[in-house]
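What follows is each chain in one-letter form.
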Amino acid sequence: MKFFVDTADVKEIRELNDLGLLDGVTTNPSLILKSGGSIIEVTKEICSIVKGPVSAEVTATEYEKMMKEAAVLARIADNICIKVPLTLDGLKACKALRSDGHLVNVTLCFSANQALLAAKAGATFISPFIGRIDDIGIDGMELISEIRTIYDNYDFQTEILAASIRTVNHVKQAALIGADVITAPPATLRALVKHPLTDKGLEAFLADWAKTGQSIA
Ligand code: E4P
């Protein structure tokens, strides 16, 4: 499973990348707003830090304008993945961008049929938004399961990128179902390492080690 971080915070991205944990980055207009920087400059810096796909989202809603924005975003770096919304214009743009050899992430997916359309449009990634589905009282993880079944039924190569991940349990469930990628906020990625018994066990080992009076190096 690949780990993407869902942020445009360059400092966070640098730290996680240094840990060797990152396979890519996802951004969106809200995250760019939060970063306080210009989309071009911030995205360029992110692409210089992380080698894997960096999703940058178009903000136009019509096909022709999306294609113009995509051309600008694609010039930022070779590892740009153009993010388009799951609309008819977005799917048309996805097909055209894939034909031109770009990576494409189809975002704002909330149903299995939408994911089917994205796969037919040749999307590199489909982004079902788990947390936002949970927010309306429906089990978001069920969608990941449905998409996994459909993609496997027809051998679609589109990768399932579980997005809007809010908890470490979301990560575990997505992995159990077989999502190809998760994108999560920095804090959620860091929280994956935590377990009280690890802390307790380490504390006990260190206390006993101190009593030996030895040192390794
Ligand atoms: C993914 O590409 C999206 O940017 C993101 O996961 C949305 O998450 P949110 O629902 O927490 O805003």
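Reference entry: report on the structure contained in this document. Being a predicted model, the structure only gives us computed values, none of them experimental.

## Some thoughts on the packing of helix α4 (residues 63-74) against helix α5 (residues 88-99)
Look at α4 against α5: their axes get within 9 Å of each other, and the N-to-C directions meet at 45°. Considering the angle they form, α4 stands oblique to α5. For the pair α4 and α5, the sense of crossing is right-handed. Every residue of α5 that contacts α4 at Y63, M66, M67 and A70 is listed here: D89, G90, K92, A93, A96 and L97. Here the contact of α4 with α5 is built from residues that sort into seven nonpolar, one polar and two charged.

## Topic: the packing of helix α8 (residues 140-154) against helix α9 (residues 168-177)
It is the contact of α8 with α9, at a shortest axis distance of 10 Å, that shows an interaxial angle of 20°. Considering their axes alone, α8 and α9 lie roughly parallel with respect to each other. Taken as a pair, α8 and α9 cross one another with a handedness that is right-handed. In contact with M141, I144, S145 and R148 of α8, α9 contributes H170, Q173, A174 and I177. Of the residues in the contact of α8 with α9, the class split is four nonpolar, three polar and one charged.

## Some remarks on helix α1 (residues 10-18)
Along α1, the residues classified as buried are V10, I13 and L16. All buried residues of α1 lie within an arc of 130° about the axis, which places them on one face of the element. Pointing more than 90 degrees away from the buried face of α1 are the exposed residues K11 and D18. Tucked inside the fold, the buried residues of α1 contact β1 (2-6), β2 (24-26), α3 (39-49) and α10 (186-191). Capping the start of α1 is the job of one residue whose side-chain oxygen sits 3.0 Å from the backbone nitrogen of K11: D9.

Scoring rules and cut-offs
- Residues numbered from 1 in each chain as written.
- Predicted model: local features only at pLDDT ≥ 70, side-chain atom pairs only at ≥ 80, totals over all residues.
- Heavy atoms only, no water.
- Axes fitted to C-alpha atoms, helices over the stretch in contact; angles between N-to-C directions.
- Helix = DSSP H or I, 4+ residues; strand = E, 2+ residues; numbered from the N terminus.
- Parallel < 35°, antiparallel > 145°, perpendicular 65-115°, else oblique.
- Left-handed = near helix turned anticlockwise from the far one by under 90°.
- Contact = heavy atoms within 4.5 Å.
- Nonpolar A, V, L, I, M, F, W, Y, C, P; charged D, E, K, R; others polar.
- Buried < 20%, exposed > 50% of the residue type's maximum accessible area, 1.4 Å probe, protein only.
- Arc of directions from axis to C-beta.
- Polar contact = N/O pair within 3.5 Å; in protein donor to acceptor, adjacent residues only side chain to side chain.

Interpretation in functional terms is not warranted from these geometric data alone.
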